[in-house]
Amino acid sequence: MPTVLTSSQQTFVDITDQRKLSAYITSNLPKTQSEDPNVLPHTYAPSWASTNLVLTPVVFLDQTSIALNSTGLTITWKRKDGTGAETNLTTGETVTNGVLKVTQNKLSASTSGMITYICYISYYDSETKNTVNISSDITYTLVKNAENAKLAYVTADTYVFKYDKDSVLVGATQATLTAQVQGVTISKWQYKDNSGSWVDYPTTADNTNITSGILVVKPSHAVFINNVAQIKVVTSDTDVFDTVTITKIFDGVKGDQGDKGDPGSSGSGGLSVILGNEAQAIACTSEGKTATASTISIPFTGYVGITQTACACSVGTLPTGITVKSNTAATASTAGILELSVAASSDLGGTAVLTGNITLTFTISGKSVVKTFTWTKAKAGSNGTNAVVFSVYAPNGTVVQNQSGTLTLATSAYSGTTAITIATYQWAKYANGTWTNISGATSSTLTVSGADIVNIQSYRCTMTYSGKTYVDVITVEDKSDPYVSEMLSIGGFTVKNNLGGVVPYVIVRTNQKEVDELLGVISEAEPSTPKSGDYWYKIDHSGKTVTLMKYSGTAWASTTDTQSLTYTWYAQDKDGKEMTFGKTGKVIYLSAADIDSIMTLQCDVSN
């Protein structure tokens, strides 16, 4: 069976001549209003009754701002309470010349504690005879100052211990962890041992007790499993906790001795991205909805070897109720930070969904590093029902070297504080753009062969317990001399008005050198001075094809010769759904007629 060496992906866009309409909403007041329930009547800050809330749409036509009373422009407003259906505006909500004014504290009567105002904008273009419709919305959330608010959060002054190529510790010699809590008290600090269980952090001269709000972590402490220490602060409420990961990273190692006794050159350091927050529990009601609005902060730092390097984060699909609040890239001297806003009264994709993963793709030194952030609902019990927490972890690490050896993937499941021992499991593997169940993989652990891991590989485990399913995903990787592919395109990545086409092709490199180079040039016109045996990728726009041609010495003719590697193409439509796409080869033709606004191509390269 062929082994996939590398994959590349690119998005192609079809643009039209229709004029572009865009808009955003300005607000004169903050999007969060606080309620003080400890006084009667309850007070609100800021008060929309004393300082009216004014929402003004700002509309652009082809990047030029237009007045709200412009000819052809129509503006209407709707409202929505929580995740309910849209409705008309109510008393105290009036529109004048497209501007919405709210004169009452509407959040006080909201059952969800969240109101969204939606502005529908329509523009009739007399030149093109087209009507363009868009919408924009803004959400306001009520925060109640309740005494029973329970929070726990851990910060660290460093998340890495750096070692040079001689394995000598450089930089920080210890990490100081600080826990901040509200509504609960700190019980103790724990770490995850090699069995995946949380056990008490050992007391040392650095930590005479493990019950205070400060914990000192040193590289010599026996809490690192495969150079990673996972540490947890436990509180008086078992559903309120936080975890943090401290990682040892190493610079590149020295090369082998040269043939004539010269020392080998130093190897380049590996790429690493360290997250200051890899997982977070979100306080939820017994119905599985978020208790209050909150912000998740995820600091991140990139390294090449042990050298801090600039990197940027791209956020994958987010569950309903979670949005990106801010995303600041890391530099060579400062950490970056991603902030996610969690809306109040959101079920985060479903009341039965108790945990999930957010894929974070980091670009560092022109390459991508994928990390996974895990969120879990800290669900309040109802009628004595415990919250169920399920996760997948790798007790011996998530990395193999040169596709050798094996990895063990294990599961951890608790109902409240009681470990779940009776449940059913099904493991799946992500390949060729889909999840496929692994035959016979129905136990709580899975052994993965290093030979099955090409660069990176994701595995999913579905646990069924008490009639409900719980899902977690883990990504493992192979640290070998990687193949890297890049998708290019003659004609670019954009077509216009569904006309013409482009010619995507893939180049492959390993160890900074290109492999399986193009057999010949790609062009519409034949090469001017060919030699016998030369190749040419012939573009035929009218036939919408690319054909590999070979020169016999007197004429060009199509050939069945192929590149040494195999190139398999996949496509997703504008909604991210899989498309039937049967093209193969290093070079293909993509017709504009195949692109419905947006198409994403992926090419898997195998041997």
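Further up the page is the structure itself.
About the criteria used
Residues numbered from 1 in each chain as written. Predicted model: local features only at pLDDT ≥ 70, side-chain atom pairs only at ≥ 80, totals over all residues. Heavy atoms only, no water. Helix = DSSP H or I, 4+ residues; strand = E, 2+ residues; numbered from the N terminus. Buried < 20%, exposed > 50% of the residue type's maximum accessible area, 1.4 Å probe, protein only. Contact = heavy atoms within 4.5 Å. Core = buried A, V, L, I, M, F, W, Y, C linked by side-chain atoms within 4.5 Å. Pairing = 2+ DSSP bridges. Axes fitted to C-alpha atoms, helices over the stretch in contact; angles between N-to-C directions. Phe/Tyr/Trp six-rings, centres within 6.5 Å; stacked < 30°, edge-to-face > 60°. Disulfide = S-S within 2.5 Å.

Draft legend 1. Representation of the overall build of the chain in the model. Along the backbone of the chain there are zero helices and 51 strands. Across the 607 residues of the chain, 39% fall into the buried class. If you take every contact in the chain between residues at least 6 apart in sequence, the share linking residues at least 24 apart comes to 62%.

Draft legend 2. Representation of the nonpolar core within the structure. By size, the foremost hydrophobic cluster in this structure holds 27 residues, and its most contacted members are Leu177, Trp189, Tyr201, Val217, Ile231 and Ile246. Residues contacting leucine 177, with those up to four places away along its chain left out, are Val154, Thr155, Ala156, Trp189, Gly213, Ile214, Leu215, Val217, Ile231, Val244 and Ile246. Trp48, Leu55, Leu61 and Tyr117 belong to the second-largest nonpolar core, a separate cluster that totals 26 residues.

Draft legend 3. The arrangement of the sheet that holds strand β46 (residues 545–551) in detail. Here we have four strands laid out as an open sheet, ordered β44-β45-β46-β47, and mixed in their pairing. Whereas interior strands pair on both sides, the edge strands pair on one side only; in this sheet they are β44 (520–523) and β47 (556–558). Shown here is a sheet whose adjacent strand axes are inclined to one another by a mean of 30°, direction ignored. Here three bridges tie β46 to β47, and the two strands are oriented antiparallel to one another. Paired with tyrosine 551 across the two strands is tryptophan 556, which belongs to β47.

Draft legend 4. Representation of the environment of leucine 29 in the model. For leucine 29, the position within the fold is in the loop between β2 (21–27) and β3 (32–36). Take leucine 29: its relative accessible area is 12%, and that puts it in the buried class. Placed 18 residues apart in sequence, leucine 29 and serine 47 show a C-alpha to C-alpha distance of 9.5 Å. Other than its neighbours up to four places away in sequence, leucine 29 contacts Pro46, Trp48, Thr51, Asn52, Leu53 and Tyr140.

Draft legend 5. Representation of the sheet that holds strand β14 (residues 160–163) within the structure. Within the open sheet, the six strands sit side by side as β15-β14-β21-β20-β17-β18. Their pairing is mixed. Here the strands that pair on one side only, and so sit at the sheet edges, are β15 (169–170) and β18 (198–200).

Draft legend 6. Seen up close, the environment of alanine 23. Its place among the elements puts alanine 23 in strand β2. Alanine 23 gets classed as partly exposed once you look at its relative accessible area, which sits at 24%. Residues alanine 23 and isoleucine 121, 98 residues apart in the sequence, show an inter-C-alpha distance of 8.4 Å. The contact partners of alanine 23, leaving out residues within four places of it in the chain, are Val58, Val59, Ile121, Ile134 and Ser136.

Draft legend 7. Just the packing of aromatic side chains, in detail. Summed over all chains, the structure comprises 10 aromatic pairs. A ring pair is formed by tryptophan 48 and tyrosine 140, whose centres lie 5.4 Å apart and whose planes are at 80°; its orientation type is edge-to-face. With tryptophan 48 in the loop between β4 (43–45) and β5 (53–61) and tyrosine 140 in strand β12 (residues 130–144), this pair connects stretches of sequence that are 92 residues apart. An aromatic cluster is present here, built from Trp48, Tyr117 and Tyr140 joined pairwise through their rings.

Draft legend 8. Region of interest: the state of the cysteines. Inspection of every chain in the model, using the stated rule, returns zero disulfides. As a non-bridged cysteine, cysteine 313 has cysteine 311 as the owner of its nearest cysteine sulfur, 8.2 Å distant. Of the residues examined, cysteine 313 reaches a relative accessible area of 11% and is grouped as buried.

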